[in-house]
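Here is what each chain is made of, one letter per residue.
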Amino acid sequence: MDGIKYAVFADKSIQLLGKNQYTSNIESGSTRTKIKHWVELFFGVKGRRMGSMMGHTMHYKHMIITLQLGYSIPPL
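Residues numbered from 1 in each chain as written. Predicted model: local features only at pLDDT ≥ 70, side-chain atom pairs only at ≥ 80, totals over all residues. Heavy atoms only, no water.

This part takes up the overall build of the protein chain. Regarding its fold elements, the protein chain presents two helices and four strands. Taken from the N to the C terminus, the helices and strands of the protein chain come in the order β-α-β-α-β-β. Of the accessible surface of the protein chain, which amounts to about 5,200 Å², a share of 57% is contributed by carbon and sulfur atoms. (Helix = DSSP H or I, 4+ residues; strand = E, 2+ residues; numbered from the N terminus. Areas by Shrake-Rupley, 256 points an atom, 1.4 Å probe, with all protein chains shown as cover.)

With that settled, the discussion passes to the nonpolar core. Judged by nonpolar contacts, Ile4, Tyr22, Ile26, Ile35, Val39, Val45, Met50, Met63, Ile65, Leu67 and Ile73 together constitute the single largest core of 11 residues. Ranked by residues supplied to this core, first place goes to strand S4 (residues 60-67) with three residues. In contact with Val45, not counting residues within four places along its chain, are Val39, Glu40, Leu67, Tyr71 and Ser72. (Core = buried A, V, L, I, M, F, W, Y, C linked by side-chain atoms within 4.5 Å. Buried < 20%, exposed > 50% of the residue type's maximum accessible area, 1.4 Å probe, protein only. Contact = heavy atoms within 4.5 Å.)

The next point concerns unusual backbone geometry. With phi around 65 degrees, Asn20 is a residue other than glycine that occupies positive phi space. Residue class for Asn20 comes out buried when judged on its relative accessible area of 14%.

A few words now on the pairing of S4. In terms of burial, S4 is largely enclosed, as seven of its eight residues are buried. Taken together, the seven bridges between strand S2 (residues 21-27) and S4 define a ladder with antiparallel strand orientation. Within S4, the position partnered with Ser24 by the bridge is Met63. (Pairing = 2+ DSSP bridges.)

Next up, the structure:
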């Protein structure tokens, strides 16, 4: 998937899984619509909201992806 680096598994991100929110780091040049397209295409889910913030370096952004009700990303 172009733009998504890896999933984040920290205490807060594990708590967000209960709210159907998934956390990942993405490349800094990626847009929300591009990431939403890749997540929906790759996992077969519908994204509701994409929230991002800059990470500690300019090489990546930290993104929280909220899925619509009834959808989930299966564990790999």
